[in-house]
Structure formats: C-alpha cells, structure tokens
There are 2 protein chains.
Amino acid sequence: MASSSITHQPITKVNHTAITQTSDALAIEEPLEIRLEFGPKNNRQTQNISVTMRTPGNDKELALGFLFTEGIITHQKDVAKIEHSFIACAENKENTILVSLSEDAIPNLRNTERNFYTTSSCGVCGKGSINAIRTVSVYQDQQDDNFINATILHELPTLLSKHQEVFADTGGLHASALFMPNGELLLVREDVGRHNALDKLIGAAINNNWLPLTKNILLLSGRASFELVQKAAMAGITVIAAVGAPSSLAVELANEFNITLIGFLRNERFNIYTAAHRILISDYETTH
Amino acid sequence: MASSSITHQPITKVNHTAITQTSDALAIEEPLEIRLEFGPKNNRQTQNISVTMRTPGNDKELALGFLFTEGIITHQKDVAKIEHSFIACAENKENTILVSLSEDAIPNLRNTERNFYTTSSCGVCGKGSINAIRTVSVYQDQQDDNFINATILHELPTLLSKHQEVFADTGGLHASALFMPNGELLLVREDVGRHNALDKLIGAAINNNWLPLTKNILLLSGRASFELVQKAAMAGITVIAAVGAPSSLAVELANEFNITLIGFLRNERFNIYTAAHRILISDYETTH
C-alpha cells in the first residue's frame, strides 16, 4: 500500500494504570467521485455515477471494478481511458476520477438510478435482489471444475496477514485477496470500505485480463454480505472464503449461483455454507 | 432482538481432524425500501428515498433515524405516520416502509439526489464533506458539560455484549448502544449494516424524545467511519466510543464538531483521538 493510505494523529492512550501522550496510525478515508463520459463523438455526455468513501490508492482499479461489478459496463474494451480529474479544491486532493467509454459503448445506467435490489418486478425482497443480479451478470451457473484442498484453505488467512501491512498498522482496513487453488497469493487490495477493497481487486484482475476468475479463491478479511457475494459473482468467482460470518442473503445468492461460500475461516476451522462439493476433504473423519 | 433476525442453515463444519454436518445460525439480511410521502393535501407526492440491506426488526426506527441523520427531516413533528406497505411479492416480506410527513413539512431532498459528500462548493474532499454536514446539522459546537470517568468506559463493551445476544449466535451483526455517563445501558440496536444499527438507535431515541443526546455515550461494536460519526453528530452526541479503529475522516469530523472520539476500547485499554477534556483520568499515572 502507498504511504498515502495512512496518516498519523496525536492521541491519549489510556489503560488501567497509565495515560500516555503518543501518536497513532489512522487509515485514510476520503470521498472518491466516479464520473462517466460516454456517447458518440458529436454528443458526449458526462454523468456522476457514485461517491464512495475510500482509502486513496488504486483509484483507477476501484472505478473500473465498481463499474463492472455494478453491471454498468460489461467488457474492458468499453473503457477508452480512466484518469483523475482535478477539480478546484482547497486541499487539491485527487478525489474525482473520470472514466471515458469508447464511442460505441453503451453503459447500463438503469443500475445507477436505483440499486440492483429493486430492479425485479417482484418488488423488494431477497429473491428479487438475486434475480436482478442474474439479469445483468455476464457469468452464470458456475462450473464445478475448480477444486480446493481443505488443507490449503487453513493457510490463507496467515498468507493474507503477511501482506496486509496497513491493517497491522491501523487496524482500520478491510482486505480482499485472490489466491490460486494451490494457495499462491496473486493479489491483495485494502480499503476502509470492504466493497471498495473488492472493487479494487476485481478492477486489477480486469486489467490483467483474468476474468472470469473461475479458477481462483477469493478471501475476504471480514464478513460476507450480499453485496460482496454479488460483486464476486459478477467476476465469475466460484470459491469465496470469509474470515467472518456470512449473512442469510449472501448464502442464498451463493447457492443460487453455485458459488462455494466458506465462513469463519480462522483458528484452523471453517464452515462450508454452499456448494461443498468443490472442497476436497476426503481424508477427514466424518461425524454427525 | 426478534427471532426474525436469525435463520438457520445446514453447513459442513471442518477442522483439521473432522468434518461434521450440522446447522449454523445466520443473521438475516434483506432489502428495505424507504419511501417518503409529503406535500399539501391536494398535491401529495411519493418518492423512493433509499434501499438499504438491513436485518428485519425495528424498521420504523430505522426509517425515522435514517431520514433524520441524513438531514432529510429535522424534527419528529414533521412525521405524521410510519408504516410498512405490502407490495405484491412472492415472499410477502415487509420490506417497504412508507414515511408520511405532515402537510406543512418540507423535506430536504437535495441530500437524496447525491450524497452529503459533494454538496460543498469545494468539490469532493474530506473538508468539503465536513462542511456539508455543518450546513444541515441541527446540533453544532457541542458543549463541554458531559464528563465521563475513564473507569466507566472500560466496562461498556462487557455491558454491551451481555445484551448483544444475536451477535453471539451469528457473529454477523454490528451493534450500537447508548449509555448514561454512569454506565447505565439505555438502548441497544443490532443490524448486519453498522449504519443501520445506528439509525435504529437514533430513531428509537427520537421516539423517546431524547434528542439532543448531549449527556450520553455512544458505543459502536466495530470501527468508527466518517458515516457513523456524521450520524452521531446529527443527533447531538458528544462522546463516541468504538471497539475498533477510527478512520482519518472520522477523527477530523469529530474534531470539527467538538465530539470526543475513543477507539480500540477493549482489553482494559482505549485511545482518545479528539476532545480528551471530557474524559476524567486524573487518578492515572502520566507518562510521555
């Protein structure tokens, strides 16, 4: 992570016996506005798509990943250019990013007006939210040719924490990491927002021309929400392992997309919530 | 918490020596659409304000707290009625809530079109985000008449966890809790979304006619982001204690509003980031 991800703040540290005036490392949180430019040469339009609170760094990946996982664009070739724009600002921060689409690319802006969650005719419910994602996702009904050895899974949190340096300093950053089935770490991205960390990771994978990510394992440093499983599904990920708990709707969505969802991956244990057939655990003793 | 906050899911539990087919408790995550009805009798309008992924329960508090902390309404008397609306849905869930304002109430809908973060003429930056909140907040420049004994603070996480029953079951819920300066627990609200837990808490406090919450302590079960400090500031809270880390912009906002912000409140320790004068630690040994 760039040093611009951290700032230092004078603090008063208190425990039961002493107070100390010292300094603490904080994860930086700043708004990022994502703007989209699109349309034919004689009729270019610019639209504000989103403002997200993120940790500066990998902003272009964040913008690319966000547009893709939210279904606004579907192919990397739709994107002609991504650059920071400098709007007059007292602090002169790089907090606006402009994504210029190629002239023939047509963004799906229906998804920016309201959330995915309510694009279904069903009204507002979990089932409707899942169906809405099915209508925009490029990758569906994941195949079963990605098999992971259970002993590999136990090692992933340690491999991540070795690379998650900013978290160790600030305690304030979420991480998303991409692994090979043999446990090789390919990518790590960190952010104060867990959805941003995953968008940065998927944006980087798009830049590397790695999609769909059918042969990889996605590791999430915290809990697995609906939104994170949604973004993973949009990138074709077949195996998600979270250090924390999944929500009910995260499990439903993973089940619907035939994604293997693992939770509580820590302390040499884990739970498999969906699509357990991808996890090779044949050497284990089975109890009921 | 209502039992509707939890569901059970068959899982495969794996550790280094055994696999077990068992069941796990999951925190329920479902969309909630907040709709607003307003205007004079002869010209009533209805507008969709937000869709949030939340844990069912305390939905009316969530809607009230959200509208208030986002600056869309400023007084409880603006609200005539809050009720679930039943939209035809295969699952028949109570996932839409309608807030009807009194005829003379004028909602500030500018904040719904784009986020707070960019309402400043400065463009997009942290300082602009803070200034934007200053323009809509009812309670500003907190007074210094709320003093907390440091020994009380150490006890709060234990008092919260005794009441946070769903978290213990699922590991998947965030909590916000409101305490008196003497450590008495007033309110706890839980949700898969940390912003929802705080909106529910503030909505309940509004219903109790407790605002501004200048004499209380807000405890957050996780990290302190800009968004959470924003919501607390909107309710006039003067002391925020988080079990996790704060972000840079959370600290800046707390400092600007003269809010005492405490982080890493666990294991008999804590850090004071801003407005340390409210914390009484005179009996402690001071080191440098």
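Undergrad: What should I look at first to understand the overall build of chain A in this one?
TA: A tally of helices and strands in chain A yields eight helices and 15 strands. Taking all 288 residues of chain A together, the buried fraction comes to 60%. When contacts within chain A are restricted to residue pairs at least 6 apart in sequence, those whose partners lie at least 24 apart make up 53%.

Undergrad: How should I be thinking about unusual backbone geometry in this particular structure?
TA: The general pattern is negative phi for most residues beyond glycine and trans for most peptide bonds. Residue and element names in this part refer to chain A. Cis rather than trans, the peptide bond between Leu 211 and Pro 212 has omega equal to -5 degrees. Mapped onto the secondary structure, Pro 212 falls in the loop between helix 6 (194-207) and strand 10 (217-220). Here the phi dihedral of Asn 258 falls at roughly 55 degrees; this positive angle occurs in a residue that is not glycine. Note that Asn 258 resides in the loop between helix 8 (248-256) and strand 12 (260-266). Its identity is not glycine, yet Phe 264 carries a phi of approximately 50 degrees, on the positive side. On the secondary structure map, Phe 264 appears in strand 12.

Undergrad: Got a minute to help me understand the sheet that holds strand 5 (residues 79-84) of chain B in this structure?
TA: Sheets are built from strands paired through backbone hydrogen bonds, the pairs being either parallel or antiparallel. Residue and element names in this part refer to chain B. Pairing in this open sheet of four strands is mixed, and the strands run 4-3-6-5 from one edge to the other. In this open sheet, the two edge strands, each paired with only one partner strand, are strand 4 (45-54) and strand 5. Averaged over all adjacent pairs, the angle separating strand axes in this sheet is 20 degrees, with direction ignored.

Undergrad: Explain the sheet that holds strand 5 (residues 79-84) of chain A here, please?
TA: All names here are of chain A. With respect to topology, four strands assemble into an open sheet ordered 4-3-6-5, the strand pairing being mixed. Where the open sheet ends on each side, the last strands, each with one partner, are strand 4 (45-54) and strand 5. For this sheet, the mean angle separating the axes of adjacent strands, direction not counted, is 20 degrees. Of the strands in this sheet, strand 3 (30-38), strand 4, strand 5 and strand 6 (96-101) are in contact with helix 1 (residues 59-69), which crosses strand 4 at around 110 degrees.

Undergrad: Honestly, the side chain of A:Ser247 in this entry has me stumped. Any pointers?
TA: Looking at the element boundaries, A:Ser247 is found in the loop between strand 11 (239-242) and helix 8. A distance of 3.2 Å separates a polar atom in the side chain of A:Ser247 from the backbone nitrogen of A:Ala250.

Undergrad: What am I meant to see in the packing of helix 1 of chain A against helix 6 of chain A here?
TA: How two helices sit against one another is set out by the angle between their axes and by the gap between those axes. Residue and element names in this part refer to chain A. One way to put it is that helix 1 packs onto helix 6 with a least axis distance of 7 Å and a crossing angle of 95 degrees. The orientation of helix 1 relative to helix 6 falls into the category roughly perpendicular. Every residue of helix 6 that contacts helix 1 at Glu 61, Leu 62, Leu 64, Gly 65, Phe 66, Phe 68 and Thr 69 is listed here: Asn 196, Asp 199, Lys 200, Ile 202, Gly 203, Ala 204, Ile 206 and Asn 207. Its residues assigned to classes, the contact of helix 1 with helix 6 comprises seven nonpolar, five polar and three charged.

Undergrad: Which parts of the structure should I look at to understand the side chain of A:Lys231?
TA: All names here are of chain A. Relative to the helices and strands, Lys 231 is located in helix 7 (residues 226-234). Using a relative accessible area of 0% as the deciding quantity, one classes Lys 231 as buried. If near-sequence neighbours (up to four positions away) are discounted, Lys 231 is found in contact with Phe 66, Thr 69, Glu 70, His 195, Leu 198, Asp 199 and Ile 202.

Undergrad: Would you take a moment to explain the pattern of salt bridges for this structure?
TA: Any two side chains of opposite charge can pair if their charged atoms end up close together. In the structure shown here, the tally under the stated rule is 18 salt bridges over all chains. Put simply, B:Arg54 and B:Asp59 hold a salt bridge, and the shortest N to O gap is 2.6 Å. On the basis of relative accessibility, which here comes to 1%, the residue B:Arg54 falls in the buried class. B:Asp59 sits in the buried class, given a relative accessible area of 5%. One salt-bridge network, in which partners are shared between bridges, spans A:Glu70, A:Asp199 and A:Lys231.

Undergrad: Sorry if this is basic, but what is going on with the confidence of the model for chain A here?
TA: A low pLDDT score tells you not to read the predicted coordinates there in detail. For chain A, mean pLDDT is 87; residues scoring 70 or higher make up 86% of the total. A low-confidence stretch, residues 115-122 of chain A (pLDDT under 50), is modelled with 30 contacts involving residues beyond four sequence positions or located in other chains.

Undergrad: What am I meant to see in the packing of helix 1 (residues 59-69) of chain B against helix 7 (residues 226-234) of chain B here?
TA: All names here are of chain B. Taken N-terminus to C-terminus, the directions of helix 1 and helix 7 make an angle of 90 degrees; their axes are 9 Å apart at the nearest point. With respect to their mutual orientation, helix 1 and helix 7 come out roughly perpendicular. From helix 1, Phe 66, Phe 68 and Thr 69 reach across to helix 7, where they touch Gln 230, Lys 231 and Met 234. The residue inventory of the contact of helix 1 with helix 7, partitioned by class, reads three nonpolar, two polar and one charged.

Undergrad: Whenever I open this one, the environment of A:Ile97 confuses me. Can you help?
TA: Residues and elements named next belong to chain A. Along the polypeptide, Ile 97 turns up in strand 6. Sequence separation of Ile 97 and Ala 63 is 34 residues, and the distance between their C-alpha atoms is 7.5 Å. Ile 97 has contacts with Leu 32, Glu 33, Ile 34, Arg 35, Asp 59, Lys 60, Ala 63, Ile 82, Glu 83, His 84 and Ser 85, leaving out every residue within four places of it along the chain.

Undergrad: Explanation requested: the pairing of strand 2 (residues 18-27) of chain B in the structure shown.
TA: A regular strand carries its side chains on alternate faces of the sheet. All names here are of chain B. As paired strands, strand 1 (residues 6-15) and strand 2 are joined by nine bridges and run antiparallel to one another. Looking across to strand 2, one finds that Gln 9 is bridged to Asp 24. The turn joining strand 1 and strand 2, which pair antiparallel and follow one another in sequence, is formed by two residues.

Undergrad: Any chance you could explain the pairing of strand 1 of chain B here in plain terms?
TA: Of the pairings in the sheet, the one linking strand 13 (residues 269-274) of chain A to strand 1 of chain B comprises four bridges and is antiparallel in character. Bridge assignment links A:Ile272 to a residue of strand 1 of chain B, and that residue is B:Thr12.

Undergrad: When you look at the environment of A:Gln21 in this model, what are you seeing that I'm missing?
TA: All names here are of chain A. Position of Gln 21 relative to the elements: it lies in strand 2 (residues 18-27). On the accessibility criterion, Gln 21 (41% relative accessible area) is partly exposed. In the structure, Gln 21 is positioned 252 residues away from Tyr 273 in sequence and 46 Å away in space, judged by C-alpha atoms. A distance of 3.2 Å separates polar atoms of two side chains, one belonging to Gln 21 and the other to Thr 12.

Undergrad: What exactly am I supposed to notice about helix 8 of chain A here?
TA: Given 3.6 residues per turn, any residue in an α-helix points the same way as the ones three and four places further on. For helix 8 of chain A, every residue scored as buried is listed here: A:Ser248, A:Leu249, A:Ala250, A:Val251, A:Leu253 and A:Ala254. A:Asn258 lies just past helix 8 of chain A and shows a positive phi near 55 degrees.

Undergrad: Sorry, what's going on with helix 1 of chain A here?
TA: Among the eleven residues of helix 1 of chain A, ten are classified as buried, and the element is accordingly described as predominantly covered. Three or more residues of helix 1 of chain A are buried, namely A:Asp59, A:Glu61, A:Leu62, A:Ala63, A:Leu64, A:Gly65, A:Phe66, A:Leu67, A:Phe68 and A:Thr69.

How each quantity is defined
- Residues numbered from 1 in each chain as written.
- Chains lettered and ligands numbered in written order.
- Predicted model: local features only at pLDDT ≥ 70, side-chain atom pairs only at ≥ 80, totals over all residues.
- Heavy atoms only, no water.
- Helix = DSSP H or I, 4+ residues; strand = E, 2+ residues; numbered from the N terminus.
- Buried < 20%, exposed > 50% of the residue type's maximum accessible area, 1.4 Å probe, protein only.
- Contact = heavy atoms within 4.5 Å.
- Pairing = 2+ DSSP bridges.
- Axes fitted to C-alpha atoms, helices over the stretch in contact; angles between N-to-C directions.
- Polar contact = N/O pair within 3.5 Å; in protein donor to acceptor, adjacent residues only side chain to side chain.
- Parallel < 35°, antiparallel > 145°, perpendicular 65-115°, else oblique.
- Nonpolar A, V, L, I, M, F, W, Y, C, P; charged D, E, K, R; others polar.
- Salt bridge = Lys/Arg side-chain N within 4 Å of Asp/Glu carboxyl O.
- pLDDT = per-residue confidence, 0-100.

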